[in-house]
Amino acid sequence: MLITRVALLSCLLAAVGWAVYSSYCLVRNYLVARKLGIPIRIIPISHENLLWMIVDRKIFIPLFSRVPFGSGSFTRYNWRGWEFRDKGRSHQEMGDTFVLVTPGRNFVYIRNAQTMADIFQRRLDFPRPLELYELTNIFGENISTVDGAQWQRHRKILASCFTEKNNEMVWAETLHQARNMLQYWISRLSVGSTADDARTLSLNVLSCAGFGKPYPFHGADSLPQETSIMNYQVALQTILDHGILLMVLGTRLLSFPFLPLKLKKLSHATNVFKQYMTEIYETEKFSFRKQKPARFNIVTSLIRASETAGCSGGLTESEIYGNIFVFNFAGHDTTSHTLTFAIFLLATEPSIQDWITEEIHHVFGNRAIEKWNFNEDFTKLNRSLAVMHETLRLYPPVSIAKYTGQGEQVFHAGGRDIMIPPNTLVIPSHVALHTDPRYWGKDSLYWDPGRWITKESDSIVNESIYQPEKCSFIPWSGGARICPGKMFSQVEFVATMAVLFQYCRVEPVPRKGETTPQARIRVRTQIEEDTGQVLLLQMLHPERAPLIWKRRSPERK
């Protein structure tokens, strides 16, 4: 009994101590923020608090939003993904810059393309806050967690991996996977597994083009029975499904005995994935030294480029593992979530489906998919790429962060220079930038892929992709640290669109007593209201809006 009381008292004292210290830090940071001369909002818990990241949106924010004193900055800003719900309203109220004061660090938010272009260009003045990305160091340092000369070394090696040859492989494998996915969807009365199937497609493309491991497509309702043997693909899927847990706990903690079954499975998956990386690393290193021909995929290119660079310019074994993991972590769900958003949005807009189908027929005619050519055809599919850009504009999967490092930095915004103190996070308000009427017009909140097409005449031949103002569109980041997998994702997305909409159309399944136009309105509302940030921005319950795929009638082809 005494031990219990002592334990409870210790916990209470610790909680009180934490509250007092947090309050002190909050006041200190507020006094610093006042000197900036820009609008201030205050939240009691930092966005960098890992424990808060787990419970914010599911527990505390819903609870506090229901009590009389729970409104205000706390429930508006103190949860992951608030930016998507807010759009640009905060900037409309406070201008292009404002500061969010927390007990950890101050966050300066910016909605100005010219200011962001300047910040991206000054990479040394506004470096990446590497501590925010250290959780991805599960298997080793990678391009996301290094800076300066180390980053340049990583970047040089990685740039050599994303080649036109690799893009051709992405194109071919995506066509194969998308055709099988479409056949599966057409065979069913309705499809409630759109998001899961898009993830499978993306994972299979990544497995083949990234690792040289092809897998057949299986729809969510036709998956083969699980076996006791976990292969590479299952291991990778398990890791991606539990990315936050893995990053918070780390591989060392997961190796402890007496863990829950879920964590044991995750631990086993990390071991299988590490074993596979080790095998492919040793195999490719041996093949390189024996001057055997290379297989064309990202991982073998990474290993061979590193071996060619040697000890001074190459990557270490753990750095190769770290970058392989980041390829998978950053390149899988980002594309699959974008595909999911796009498919549901297109299901609500039959005219946009007709619009992209018109271009697909113009480019391919009656050619069989086997004869579609990446080098000749990809750059002609501007409307499919426009669908991707417009989807990313309104539903960007990840945010970007910069900071001032150890010294003060100045940027120009709102007609004056603003001095930012050391160790301050500088956040591009990507959703606000992407919906700012100054850059996107009065209909900036409306999903319209046609805004991305410029034309010199009424002919499809003269259409091209619109180039927005620099840094007003930053889904792949900007400046020197732009995502190296940008082209990979574009090829995968465009090829999928071309296969899906060449001869087919999609629409939501109406509920009882509901017309198809009413179903479209309902799904469009769900897309907006049931979207949130888990690890990335995604539809939270896409299975609640089943879709139906139909072949187009001959006159509409």
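What counts and what doesn't
Residues numbered from 1 in each chain as written. Predicted model: local features only at pLDDT ≥ 70, side-chain atom pairs only at ≥ 80, totals over all residues. Heavy atoms only, no water. Phe/Tyr/Trp six-rings, centres within 6.5 Å; stacked < 30°, edge-to-face > 60°. Helix = DSSP H or I, 4+ residues; strand = E, 2+ residues; numbered from the N terminus. Buried < 20%, exposed > 50% of the residue type's maximum accessible area, 1.4 Å probe, protein only. Lys NZ or Arg CZ within 6 Å of the ring centre and 35° of its normal. pLDDT = per-residue confidence, 0-100. Patch = residues over 30% accessible without salt bridge, like charges linked within 9 Å, V, L, I, M, F, W, Y side chains within 5 Å. Areas by Shrake-Rupley, 256 points an atom, 1.4 Å probe, with all protein chains shown as cover. Salt bridge = Lys/Arg side-chain N within 4 Å of Asp/Glu carboxyl O. Pairing = 2+ DSSP bridges. Core = buried A, V, L, I, M, F, W, Y, C linked by side-chain atoms within 4.5 Å. Contact = heavy atoms within 4.5 Å. Expected span 1.5 Å × (residues − 1). Axes fitted to C-alpha atoms, helices over the stretch in contact; angles between N-to-C directions. Parallel < 35°, antiparallel > 145°, perpendicular 65-115°, else oblique. Left-handed = near helix turned anticlockwise from the far one by under 90°. Nonpolar A, V, L, I, M, F, W, Y, C, P; charged D, E, K, R; others polar. Polar contact = N/O pair within 3.5 Å; in protein donor to acceptor, adjacent residues only side chain to side chain.

### Remarks on the packing of aromatic side chains
All told, the structure shown has 24 aromatic pairs when counted by the stated rule. Judged by centre distance (5.9 Å) and plane angle (75°), the ring pair of Tyr281 and Tyr321 falls under edge-to-face. Note that Tyr281 is positioned in helix α12 (residues 261-289) and Tyr321 in helix α14 (residues 317-331), a separation of 40 residues in sequence. The class of Tyr281 is buried, set by a relative accessible area of 7%. Within the aromatic cluster, the residues linked to one another by ring pairs are Phe139, Phe211, Phe273, Tyr276 and Phe325. Arg128 extends its terminal NZ or CZ atom over the ring of Tyr133, reaching a point 3.9 Å from the ring centre.

### A look at the confidence of the model for the chain
With 94% of its residues at a pLDDT of 70 or more, the chain has an overall mean of 88. Across the chain, the element-wise mean pLDDT spans from 69 in helix α2 (residues 50-64) up to 98 in helix α18 (residues 382-394).

### Re a nonpolar patch on the surface
A surface patch of nonpolar side chains, amounting to about 480 Å² of accessible area, comprises Leu9, Leu12, Leu13, Val16 and Val20. One can find Leu9 in helix α1 (residues 2-34).

### Here we look at the pairing of strand β5 (residues 409-413)
Across the two faces of β5 the burial differs, with Gln409, Phe411 and Ala413 buried and Val410 and His412 not buried at all. As paired strands, β5 and strand β6 (residues 416-420) are joined by 5 bridges and run antiparallel to one another. Bridged to His412 within β6 is Asp417. Between the end of β5 and the start of β6, which pair antiparallel, lie 2 residues, with Gly414 showing a positive phi angle near 65°.

### Here's the deal with the pattern of salt bridges
The tally for this structure, following the rule as stated, stands at 30 salt bridges. Taking the shortest distance from any N to any O, the salt bridge between Glu370 and Arg179 comes out at 2.7 Å. Taken as a pair, Glu370 in the loop between α16 (350-364) and α17 (374-377) and Arg179 in helix α8 (residues 164-186) lie far apart in primary sequence, 191 residues in all. In this structure Glu370 comes out as exposed when scored by relative accessible area, which is 56%. Here Asp443 ties to Arg451 by a salt bridge, and the two come within 3.3 Å at their closest N and O atoms. For Asp443, a relative accessible area of 35% translates into the label partly exposed.

### Thoughts on the nonpolar core
Counting 133 residues, the largest nonpolar core has Trp171, Phe273 and Trp549 as its most contacted members. Looking at this core element by element, the count peaks at 10 residues for helix α21 (residues 486-501). Beyond its immediate stretch of four places on either side in the chain, Trp171 contacts Phe364, Trp372, Asn373, Phe374, Asp377, Phe378, Leu381, Val491 and Ala495. Membership of the second largest hydrophobic core comes to 14 residues, among which are Ile43, Trp79, Phe98 and Phe107.

### A word on the sheet that holds strand β1 (residues 40-42)
Taken together, the 5 strands give an open sheet; going across it, the order is β1-β2-β3-β7-β4, and neighbouring strands pair in mixed fashion. Pairing within the sheet leaves two strands with one partner each, and these edge strands are β1 and β4 (402-403). Where strand β2 (residues 97-101) and strand β3 (residues 107-110) come together, 4 bridges link them in antiparallel fashion. Each bridged residue has a counterpart across the sheet, and for Leu100 the counterpart in β3 is Phe107.

### Considerations on helix α11 (residues 243-254)
The end-to-end C-alpha distance of α11 is 13 Å, clearly below the 16 Å that 12 residues give at a rise of 1.5 Å each. Taken together, the buried residues of α11 touch α10 (232-241), α12 and α14.

### A few points about the packing of helix α13 (residues 298-313) against α14
At a minimum axis distance of 11 Å, the contact between α13 and α14 shows a crossing angle of 155°. Looking at the two axes, α13 sits roughly antiparallel to α14. Crossing of α13 against α14: the hand is right-handed. Where α13 approaches α14, its residues Ile298, Val299, Leu302, Ile303 and Ser306 are matched on the opposing element by Ile320, Asn323, Ile324 and Phe327. Its residues placed into classes, the contact of α13 with α14 shows 7 nonpolar, 2 polar and no charged.

### Examining helix α15 (residues 333-347)
Relative to the 21 Å expected for 15 residues at 1.5 Å per residue, α15 spans 21 Å between its end C-alpha atoms, a close match to the ideal helical length. With respect to burial, α15 is a largely interior element, 15 of its 15 residues being buried.

### Re the side chain of Thr174
Mapped onto the elements, Thr174 comes out in helix α8. Given the relative accessible area of 0%, Thr174 is considered buried. A polar contact is formed between the side chain of Thr174 and the backbone oxygen of Val170, at a distance of 2.6 Å. Apart from the residues lying within four places of it in its own chain, the contact partners of Thr174 are Val205, Glu492, Ala495 and Thr496.

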